[in-house]
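Okay, here's what each chain looks like letter by letter:
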Amino acid sequence: MAFILRFGVLFLMSLAVGACGSSGGSSGTPDPVGSSDEVSLESPVHGATLLNKEFSLAWSPSKTKGESRWGVTVSTEVDGIKQTVMTLSTTAQSYRPLQLSDNTTYTWKVEALNDEGESVAASKEWSFHTFPTRMLPFDGALDRHSSPDGFTAFEGAVYFSAYSPEYGRELWRKQGNAPAEQVADIHAGDKGSLPMELTVCGPCLYFSADDGTHGRALWVMRAGQAPRLAGPEVPAPDGEEEDDEPVPGRVPTYLTAVGEALYFAANGTVEEEVTLWRQGDDASAAEEVTRAEGEGALQNPEFGTAYNGRLYVSAFTSDAGRELWRVEGTTAVLQDINPGDASGSPKEMVVYGSCLYFRATLAGHGSELWVVDGDAGPALLKEIAPGGASGAPGGFAVAGDTLFFAADTMEHGRELWRSDGTGEGTVCVKDILTEPSLGSQPAQLAGANGVLYFKAQTHGEGFELWKSDGTEEGTVLVRDIRPGEAGSGIGPMVPFGGGVIFPAEESAFDKELWFSEGEFNTTFRLRDIRVGEKGSYPEMLKNLDGTLWFRADDGVRGSELWQSDGTEAGTRLTDNLNPYVDPDVDQMVRVGGRAVMVATSGEYGRELFTFNAEGGVEVLADIFPGYGGSDPEGLFVHDDRLYFSARDEENDRSLWVTRGTLDSTERLTDRNGETVAFPRFFAAGPDAVFFLAVKSDEWQLWKTSGTKDNTEAVTDENHDVVVVGPYVEGSDAGLALATAGDRVFFRVGGDLRVRESSGEVVQVPGVENPEGLYPVEGSLLFAAQVAGGSGPSRLWLLAAGQSEAGDPLESPQGVLLAPENYHRTGDLIYFSALPEGQAEHRLIRFSVSDNTVTVPTDAEGGSLTNPDEFCGVGGLLWMIADVSESRGIWQLPAGGLQATPLSSLAPGEITGLAGSLRTVGDALYFLADHPLEGKRCLYKTRGATLGPVLDYYGRPLLNAKQPFVLNDYLFLTAMNQDVGSGNVFQGFWVTSP
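Residues numbered from 1 in each chain as written. Predicted model: local features only at pLDDT ≥ 70, side-chain atom pairs only at ≥ 80, totals over all residues. Heavy atoms only, no water.

The name an unreviewed UniProt entry assigns to the chain is Fibronectin type iii, from the organism Desulfoluna butyratoxydans.

Draft legend 1. Geometry of the sheet that holds strand 36 (residues 443-448). Spatially, 4 strands are ordered 36-37-38-39 in an open sheet, and the strand pairing comes out antiparallel. Lying at the two open borders of the sheet, with one neighbouring strand each, are strand 36 and strand 39 (476-479). For this sheet the average axis-to-axis angle between neighbouring strands, irrespective of direction, equals 40°. Sheet topology note: the strand 38 (residues 462-468)/strand 39 ladder contains 3 bridges and is antiparallel. The residue of strand 39 that forms the bridge with Trp466 is Leu477. (Pairing = 2+ DSSP bridges. Helix = DSSP H or I, 4+ residues; strand = E, 2+ residues; numbered from the N terminus. Axes fitted to C-alpha atoms, helices over the stretch in contact; angles between N-to-C directions.)

Draft legend 2. Representation of the side chain of Thr825 within the structure. Along the chain, Thr825 falls in strand 69 (residues 814-825). Note on Thr825: relative accessible area 1%, which makes it buried. Dropping the residues within four chain positions of it, Thr825 is found in contact with Tyr830, Gly872, Val873, Gly874, Gly875 and Leu876. (Buried < 20%, exposed > 50% of the residue type's maximum accessible area, 1.4 Å probe, protein only. Contact = heavy atoms within 4.5 Å.)

Draft legend 3. Summary view of the sheet that holds strand 32 (residues 394-399). Strands sit in the order 32-33-34-35 across an open sheet of 4 strands; the sheet is antiparallel. Bordering the open sheet on either side are strand 32 and strand 35 (427-430), each of which pairs with just one other strand. Along the sheet, successive strands turn relative to each other by an average axial angle of 40°, direction set aside. Here 3 bridges tie strand 34 (residues 413-419) to strand 35, and the two strands are oriented antiparallel to one another. Within the sheet, the bridge partner assigned to Trp417 lies in strand 35 and is Cys428.

Draft legend 4. Molecular detail of the environment of Arg824. Here Arg824 lies in strand 69. Arg824 sits in the partly exposed class, given a relative accessible area of 30%. Residues in contact with Arg824, not counting those within four places in the same chain, are Tyr774, Val776, Glu777, Ile829, Val848 and Gly872. Here Gly826 takes part through its backbone oxygen, which lies 3.0 Å from a polar atom of the side chain of Arg824. (Polar contact = N/O pair within 3.5 Å; in protein donor to acceptor, adjacent residues only side chain to side chain.)

Draft legend 5. A look at the environment of Arg291. Looking at where Arg291 falls in the secondary structure, it is placed in strand 23 (residues 290-291). Residue Arg291 is classed as buried on the basis of its relative accessible area, which comes to 14%. Taking C-alpha positions, Arg291 is 6.3 Å from Val333, a pair spaced 42 residues apart along the chain. With residues near it in sequence (within four places) discarded, Arg291 still touches Gly296, Leu298, Thr317, Asp319, Trp325 and Ala332. A distance of 2.9 Å separates the side chain of Arg291 from the side chain of Asp319, its partner in a polar contact.

Draft legend 6. Quick look at the pairing of strand 5 (residues 81-90). Judged from the 9 bridges that link them, strand 4 (residues 69-78) and strand 5 form a sheet pairing that is antiparallel. Looking at strand 5, one finds that Gly71 is bridged to Ser89. As consecutive antiparallel partners, strand 4 and strand 5 are separated by 2 residues, and within that stretch Asp79 has a phi angle of approximately 55°, a positive value.

Draft legend 7. Local environment of the confidence of the model for the chain. When pLDDT is averaged along the chain, the result is 86; 89% of the residues meet or exceed 70. Predicted confidence for residues 1-36 stays below pLDDT 50, and this span has 119 contacts to residues more than four positions away or in other chains. (pLDDT = per-residue confidence, 0-100.)

Draft legend 8. Region of interest: the packing of aromatic side chains. Going through the model one piece at a time under the given rule, you end up with 22 aromatic pairs. On the numbers, 5.5 Å between centres and 50° between planes, the contact of Tyr822 with Phe831 is tilted. Judged on exposure class, the residue Tyr822 and its partner Phe831 are both buried. On the basis of an interplanar angle of 10° and a centroid distance of 5.3 Å, the ring pair of Phe926 and Tyr939 is categorised as stacked. Of this pair, Phe926 sits in strand 79 (residues 923-929) while Tyr939 is found in strand 80 (residues 936-942), placing the two residues 13 residues apart along the sequence. Joined through ring pairs, the aromatic side chains of Phe611, Phe964, Phe971 and Phe988 make up one cluster. The aromatic ring of Phe463 is capped on one face by Lys455, whose charged end is 5.4 Å from the ring centroid. Across the ring face of Phe520, the terminal group of Arg479 is positioned such that the distance to the ring centre comes to 4.4 Å. (Phe/Tyr/Trp six-rings, centres within 6.5 Å; stacked < 30°, edge-to-face > 60°. Lys NZ or Arg CZ within 6 Å of the ring centre and 35° of its normal.)

This is the structure:
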């Protein structure tokens, strides 16, 4: 639809993005046509569909008057005076107004215009009312993943675990062409039991799962029966699960079937030990395996393999170290490799021919190739790297009558080896990359149709597809799938038909499913599942009875269940188990007149998004093209710039900046062009933004004003860079930063330091281990221990311009310990703290104007304990707190010291515990359980009204999460059924009072 604005547009929304999507409207009966010069109004299409795009105003002429265009005028009343919101002309006979306010009544009329723009006919006015709660259009917000995993064939069906938002990750099955179905809701609700290690043993399917009552335990099912706990029925534990002692036999891992018995590692009978257990059948209790000689059990067992009707397993004992054990029944016999208490550390066991082969370590010989032949003890088969060096054989695979593996030598580096089961017949196949310190690094070994397939590295091709028949001349490159040195990123290979299937990529980020029979012309992409530059990233490949099962993301439905018969046509989506849209929006801010948020889409991954001109959500910048996106964190707005950390193709987390447009979004380096790594804890000073970043494996104090030339490490009075501590990968423990006035506060070890505007850095005496730095005008509230003391942190105030904190702050109930959850509303700061000598945190109030500390109560003087979820503006406080062992929502009026429960302000039913309190104007929003559906939904209370927020069709917003406020709007993700298609979507919603 083409239209032009005839006059200026009055944007009534407070968001400067222009609009947040079409506002639904309530329809009425059009005015009757009074003369032939009137334009007849059709009934408007309301259009409260999934993306809310269809709300339109439509009309038709009752008589042709020579019109060439149509003029539309939309008006509303502002302070009792009718004002025109917009006028436009169009050749179409419908218009979809997008830039309208919520919860507002509008009138509109249509005029027929001739070529000179003169009105030749006009309609009467018609009114509609916009609805405040709607789902926003989201560009590329596609299905979320079910991520099926653990494909296992059992009793004619394929069993696996998969995720859905209603039930979490649970056990599923697919039988024939029937739709996949969830087997059971083992952990009731949406938490999921997280089934793992599906293992067939005799007539049973075993797996580990957590039902929320017994902890993670061994589960079992037989054909035609529901899953249940393995063994005899056991009572539910007393008390809360997390408070119970570890239960022997629970938390099973390394499930291994040996005949009709199942072995696994689990909590031992001795506290804090993990030992080996045997489940003889599904009805009997599991038994702990014990040593044939000596006392005790096998600790931390792993890498178990069935061989010769017995279990061979790597396990630890205090007298033998980690060694190989042979288990028959519930008795374990030591197969000592490295005598004494030194460990043989056996790994990667594989059965080849009539023997068991593995890697193990012997003093003076390193990690080498070992063998067990029948009932004989372990023997060193081949010392691949002589002396104390290690050959480190691994990646074993059998092809035809040959055992292949990768191993290291000083002469060749890590290359491909083969063995016929004898020491003399164990040799290097080929020196593919003639660089001794490196080698070709063979990996992903798989045997198919008598041929070994693997990936190996060369300087010209990178890691690519190779094959071998066991001879040097028969070990060749099959195909350079991605020309150049980058390599094709080949994943695990699965034997299938006469060759192998594997994931690989022809260019960056386009990983798809490939097939090879060992020749260039028989190596091809099986199907381009995700059409375009990005790939579907197939994973968890499993060949079950001639059908390949895997998961992949076609860019529309998320990572879902797929299968293949080895042909392009037969490679297809089997089931879309989780057909829910969930953009997972959070961290929304306003910068440069635009709203910017972090969200996830199928097209871009997790990136920065913003609103477009039609009110929908679109990507702001695709910083890291590919499957996962750049994952922006730590959004911080100062002046007209947004600072954040993100990943890109060349860097881990680094400093980025944007003014809310694509052109202004860039990676911010220092003045030397070097990366500013892992920026954290942004805080605004008078003329710069301060933050912590990593350089030379140290956390340093940095500052920026948004350009390369003024992004630099901060120095002290001696011009030395201010270092706050060593960098520990994945941790920012012990770091803290805040600004107040022209001073910068930060933590160095256990000290609180202050950098003055002069550059001088001083230590605040008398305190240690500061945390929770909270600036108050030019002063600083913080928690810290008394220097040289012990026990919980106390509350301190460092006054503006001072370098000593004085004594800890006290309330009428005594010294305040462990303060947390600061929230400022007006002149008052509320927080939770533990008065000395008391058992529970109390609500505490600090007055900024006079530095006084008071303790609010309920109307009867009762304490408000364990308060959190603070929100509110203008002095008014909302919170959740306990009073007389009852937890609920409370309101504390501005300046008041007596709180009132919500139940007294707005009577109504709230099911379950409330959470995620947010205020918009004079309305309070929060999440609680729906009284009928039992799922989390959005509630609103305003004045004396209380109840779930409803969409246009009167339905609650279910599975609501992540509410946040920007300007006068509340945004959240929630689930509702699309009226048109019937599909259920976790969408991005907006509402206002």
